[in-house]
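Here is how the chains run, residue by residue.
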Amino acid sequence: MSGLVVLGAQESGVGAALLAKKLGMPVFVSDAGTIKDSYRAELLANDIAYEEGGHTAATVLAADEVVKSPGIPDTAALVRAAIERGTPVISEIEFASRHTSSTIVGITGANGKTTTTLLTGHILRKAGMDVGVGGNVGHSFARLIAERDRPVYVLELSSFQLDGIRSFKPHIAVLLNITPDHLDRYAYRMENYVASKFRIAMNQTSGDHFIHCADDEEINRGLALHTVKARRWPFSIMNTVPLGGYLQDKHLHITSDQTTFSMSILELALQGKHNAYNSLAAGIAARILEVRDDVLRESLSDFQ
């Protein structure tokens, strides 16, 4: 079949299929395992063709494009066969991003990305923005767009999702930290995993923003190796920074153009060193999107 073939029928795969269906694209979903009842019901309700318990290679390889679920490695035989045929194999994040022109805040890191994603969404909602929060947490990006395109998206992004992007470009990219994780997917080479994380910034331009932890050795090494064209906003709990965020005298400080926001860490809803990092990252993103000081302070103190 020509059209779109989706490999994997979990949240990202079903989300991609729903968006393709809404766009009027021919779509077929193929899962090697058993599809969860709730997802199968959605495919049936939306008249989306699917198979489970194995892939029909001929059908998959006849696709114009393949959307691969993040859990399927690039080394899977069918994925390799599609790539060898010259069939584009992309992630659901990439597919979804082609069908919205909204502002995207993309958040990745080995630790803290779910908290930072939910916190950023909370702040922006309190500021009155119509925000879709999802990606690697909650609903898939494609599902959110299929439901209703919103002006702003805050997305948690895993390295596996970033591996399958081509043109995906967040206006604000956040890289929280990099510690050894999933190295089996990266030939047990840390530099491959670091490169995967830095893909979040690869399509950004000088009009975009890259928020990163200045205290993380792997990120600092990565910055020396990977080109980042976006405006850089470091955050640190060890040193002050002229532009970005830092911790000093038990206060968070976020400095943007001509203005500084300050708040006692005792007022933060999220306590602990790692949450100081998460609050700084979310706070910088909020300041870039011109959230007012009083809204930011309230949001950081009442987040559940």
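The preceding data block contains the structure.
How each quantity is defined
Here, residues in each chain are numbered from 1, in the same order as that chain's written sequence. It should be noted that, the model being predicted, local features are given only for residues of pLDDT at least 70 and side-chain atom pairs only at 80 or more, the latter also being counted only at that level, while totals for whole chains, interfaces and linings use all residues. Water and hydrogen atoms were dropped before computing side-chain values, which therefore reflect all heavy atoms in the structure. The distinction between a cavity and a pocket rests on a 1 Å grid over the protein atoms alone: a 1.4 Å probe fits inside a cavity but cannot get out, while a pocket stays open yet meets protein on both sides within 12 Å along at least five of seven lines, and a residue with an atom within 4 Å of a point counts as lining. Grid points are joined across faces, edges and corners, and a volume is the space filled by probe spheres set on the points. Elements are defined by DSSP. Helices are runs of H or I of four residues or more, strands are runs of E of two residues or more, and each kind is numbered from the N terminus. At least two DSSP bridges between two strands are needed for those strands to be called paired. Only C-alpha atoms enter the line fits that serve as axes; for helices the fit covers just the stretch in contact. Angles between N-to-C directions range over 0 to 180 degrees. In this analysis, two residues are considered to be in contact whenever any of their non-hydrogen atoms come within 4.5 Å of each other. Contacts described as polar in this section are N or O atom pairs within 3.5 Å, which, within protein, must combine one atom able to donate a hydrogen with one able to accept it, while residues neighboring in sequence count only if both atoms come from side chains. Only protein chains enter the calculation, and the probe is 1.4 Å; a residue is then buried if its accessible area is under 20% of its type maximum, exposed if over 50%, and partly exposed in between.

A. The arrangement of the layout of surface pockets in detail. The computed volume of the largest pocket comes to approximately 360 Å³. Surrounding the largest pocket, 21 residues form its lining, Q10, E11, S12, S69 and P70 being those nearest its centre. Of the volumes computed, that of the second largest pocket is approximately 190 Å³. With 3 residues, the top contributor of residues to the lining of the second largest pocket is helix α11 (residues 273–288).

B. Structural view of the sheet that holds strand β6 (residues 103–108). Strands sit in the order β7-β8-β6-β9-β10-β11-β12-β13-β14 across an open sheet of 9 strands; the sheet is mixed. The open sheet terminates on both sides in strands that have one partner only, identified here as β7 (131–135) and β14 (259–264). Across the sheet, the axes of successive neighbouring strands diverge by a mean angle of 15°, strand direction being ignored. Pairing of β6 with strand β8 (residues 152–156), which is carried by 5 bridges, proceeds in the parallel orientation. Pairing of G106 across the sheet is with L155, part of β8. Running over the sheet, helix α10 (residues 217–225) touches β9 (172–175), β10 (209–213) and β11 (231–236) and is turned about 140° from β10.

C. Here's a closer look at the side chain of S30. Examined against the element boundaries, S30 turns out to sit in strand β2 (residues 27–31). Side chain to side chain, S30 and E51 meet in a polar contact 2.7 Å long. The residues touching S30, leaving out its near neighbours within four places in the chain, are V6, L7, G8, E51, G54, H55, T56 and V60.

D. Fine view of the pairing of β9. The alternating pattern of β9 places I172 and V174 and A173 and L175 on opposite faces, both of which are buried. As judged from the 4 bridges shared by β6 and β9, these two strands associate in the parallel manner. By the bridge assignment, T108 is partnered in β9 with L175. Direction of pairing for β9 relative to β10: parallel, over a ladder of 4 bridges. Each bridged residue has a counterpart across the sheet, and for I172 the counterpart in β10 is H209.

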